[in-house]
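Secondary and tertiary structure notes
Take a look at the letters that make up each chain.
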Amino acid sequence: MLLNAKNATVRIGGTDMDYISFGRGNNPLVMLPGLGDGLTTVKGMAFPLAVSYRLFAKDYQVFIFSRKNGLERGSTTRTMARDQAEAMKALGIRKAGVIGISQGGMIAQYLAIDYPEFVGRLVLAVTAAKPNRSMQSIVNKWIGLAKRGDYRHLMIHTAEKSYSETYLKKYRFFYPVLGKIGKPENFSRFLIQANSCLNHNAYWELGKISCPTLVIGGARDRIVGCNASKEIASQIKNSELFIYEGLGHASYEEASDFNKRILKYLAK
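Residues numbered from 1 in each chain as written. Predicted model: local features only at pLDDT ≥ 70, side-chain atom pairs only at ≥ 80, totals over all residues. Heavy atoms only, no water.

Some points on the side chain of Asn4
What counts is decided by this rule: Going along the chain from the N terminus, every DSSP run of H or I of four or more residues is numbered as a helix, and every run of E of two or more is numbered as a strand. Whether two residues are in contact is decided by their heavy atoms, any of which lying within 4.5 Å being enough.
Turning to its location among the elements, Asn4 is positioned in the segment before strand 1 (6-12). What Asn4 contacts, discounting residues up to four positions off in sequence, is Ser21, Phe22, Gly23, Arg24 and Gln61.

Here it is as C-alpha cells:
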C-alpha cells in the first residue's frame, strides 16, 4: 500500500484505541491530534493522513493515535497520557519522537512528565500548560454548542477562531455544508475531552520534562493565545520556542514549513 499506510486498533484495558500507521523508517514517531478527535477519530483515515504527513514517511514509522474508545466520563489529560503509554507499550514503541497538537499537546506534556522512557524528542504545538481566559471562553462556547447538538455552528466557530482571515476568505463558501458532513452520533466523547482541556494544568510540573522540546505557537492564536507557548517554553529547560507571526491556532495546517521545521528538529 502507498506509504505503507494501515488502519489498526490496539487493545488497552477493557477497550481499544484506534490508530493509523505509515512510513518505512526505523525510528518511531507518535502524533497526538487535538480536540477534533472527540468528534471524529482516526479510524479509516490511514491514507489521507499518510499523504498529509508524508514528509515523515522516509525516516520514521509514524503512528497517529486517537484517544481510546469507551472514554470514561471524568477522564483527564493525565489519564489520557496513561492510556497512551499503555498503547505504546502494547505496540512495543519506546523512545519515540512525540508530536502533540493542541489538546494532543496537553496529553503529550503528561506523557513526558509521567512516562519519560517513552519520549525521545517532544514537539508541543499550539497548546497550553494551564487554562487561560481565552481558552476557557472558547472551549465553554464549544461545550454549549455540543450540548445543543449544534454541529454546524460548532464547526463554523472552530474555523473562525482557528484560521487566519486570508485562509477563511478562501474557504468560507464551505460553511453551508459543514453541518452535514461528519456529525457524530452523539457528543459525549467530545464533551469529555473538552472538559479535560478546561481542567488541564501541568504548568508547575513542566520542569520535570527533561527531553529536548520544541514549542510552536501562533502569534494570533485566538484559542489558547500566543502567551501559552511562551509559558511552556519558559518552564522546560531543554526547549526551543518558535512563533508563527500572522498565524493562529491552525498554524500546523497553514504554515507551509510546519512539517519541515519539525522534521529538522527531530533529526538534531
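Further notes follow.
A short note on the sheet that holds strand 8 (residues 239-244)
The strands that make up a sheet pair up through hydrogen bonds in the backbone, lying either parallel or antiparallel. The condition is simple: Two strands are said to pair when DSSP picks up at least two bridges between them. Every angle, taken between N-to-C directions, lies between 0 and 180 degrees, and every axis is a line fitted to C-alpha atoms, over only the stretch in contact when it is a helix.
Strand order in the open sheet formed by eight strands is 1-2-4-3-5-6-7-8, with mixed pairing between adjacent strands. Edge strands, defined here as strands with exactly one partner in the open sheet, are strand 1 and strand 8. Going across the sheet, the axis of each strand differs from the next one's by a mean of 20°, ignoring polarity. Bridging between strand 5 (residues 96-101) and strand 6 (residues 119-125) involves five bridges; their strand directions are parallel. Within strand 6, the position partnered with Gly100 by the bridge is Leu124.

Focus on the packing of helix 4 (residues 133-147) against helix 5 (residues 151-162)
Rules: For classification purposes, an angle smaller than 35 degrees is called roughly parallel, one larger than 145 roughly antiparallel, one from 65 to 115 roughly perpendicular, and anything else oblique. Each helix crossing is assigned a hand: it is left-handed if the near helix lies turned anticlockwise from the far helix by less than a right angle, otherwise right-handed if that turn is clockwise.
In the contact formed by helix 4 and helix 5, the axes pass within 9 Å of each other and the chain directions differ by 165°. If you check the angle between helix 4 and helix 5, you find them roughly antiparallel. Considering the relative orientation of helix 4 and helix 5, their crossing is left-handed. Packed against helix 4, whose contacting residues are Ile138, Lys141, Trp142 and Leu145, the element helix 5 presents His153, Leu154, His157, Thr158 and Lys161 at the interface.

Observations regarding the pairing of strand 4 (residues 60-68)
To keep it simple, the criterion reads: Only protein chains enter the accessibility calculation, which uses a 1.4 Å probe; a residue is then buried when its area is under 20% of its type maximum, exposed when over 50%, and partly exposed in between.
Counting buried residues in strand 4 gives eight out of nine residues, a clear majority hidden from the surface. Pairing between strand 2 (residues 15-22) and strand 4: five bridges, direction antiparallel. Bridge pairing links Tyr19 to Phe65 in strand 4. As paired elements, strand 3 (residues 27-32) and strand 4 share five bridges and run parallel to each other. Residue pairing across strands places Asn27 opposite Tyr60, the latter belonging to strand 4.

Here we look at the pairing of strand 3
Which entries qualify depends on this criterion: Orient the strands so they point away from the viewer, and a crossover whose first-strand-to-second-strand path over the helix runs clockwise is right-handed.
Crossover strand 3 to strand 4 through helix 1 (residues 46-52) is right-handed. Of the pairings in the sheet, the one linking strand 3 to strand 5 comprises four bridges and is parallel in character. Bridge pairing in strand 5 links Leu32 to Gly100.

Digging into the pattern of salt bridges
For side chains of opposite charge, pairing can occur when their charged atoms come near one another. Stated formally: When a carboxyl oxygen of Asp or Glu is within 4 Å of a side-chain nitrogen of Lys or Arg, the pair counts as a salt bridge.
For the structure on display, the rule yields 11 salt bridges. Between Arg189 and Asp37 there is a salt bridge whose closest N-O contact spans 3.0 Å. Of this pair, Arg189 sits in helix 8 (residues 188-198) while Asp37 sits in the loop between strand 3 and helix 1, and the two are 152 residues apart along the sequence. Salt-bridge contacts for Glu205 lead to Arg78; the nearest nitrogen and oxygen are separated by 2.9 Å. Here Glu205, found in the loop between helix 8 and strand 7 (213-218), pairs with Arg78, found in helix 2 (residues 77-90); they are 127 residues apart in sequence, far enough to count as distant. Look at Glu205 and you get buried, because its relative accessible area is 18%. Arg78 sits in the partly exposed class, given a relative accessible area of 29%. Taken together, the salt bridges that share partners define one network made up of Arg78, Asp114, Glu205 and Lys208.

Structural notes on the side chain of Asp221
We apply this condition: All tallies of charge rest on Lys and Arg as positive and Asp and Glu as negative; His and the ends of each chain are not included. Within 3.5 Å is the distance limit for a polar contact, defined as a pair of N or O atoms, with the added protein rule that one can donate a hydrogen and the other accept it, and that residues adjacent in sequence qualify only through two side-chain atoms.
Structurally, Asp221 can be placed in the loop between strand 7 and helix 9 (226-235). Although Asp221 lies buried, it forms no salt bridge, and the closest oppositely charged side chain, Arg222, sits 7.6 Å away as judged by the N-O distance. Here Val224 takes part through its backbone nitrogen, which lies 3.0 Å from a polar atom of the side chain of Asp221. Among the polar contacts made by the side chain of Asp221, one reaches the side chain of His249 at a distance of 2.9 Å.

Thoughts on the nonpolar core
Short version of the rule: Among buried residues, those of type Ala, Val, Leu, Ile, Met, Phe, Trp, Tyr and Cys that are joined through side-chain atoms within 4.5 Å constitute a nonpolar core.
Counting 38 residues, the largest nonpolar core has Val30, Phe65, Val98, Val119, Leu122, Leu206 and Ile209 as its most contacted members. Here this core takes six residues from helix 3 (residues 103-114), the largest share from any one element. If we ignore the near neighbours within four places in the chain, the residues touching Val30 are Phe63, Phe65, Gln84, Met88, Ile93, Ala96, Gly97, Val98 and Ile99. Counting 30 residues, the second-largest nonpolar core is a separate cluster that includes Leu214, Ile216, Ala255 and Leu263.

These figures come from the coordinates and say nothing about function on their own.
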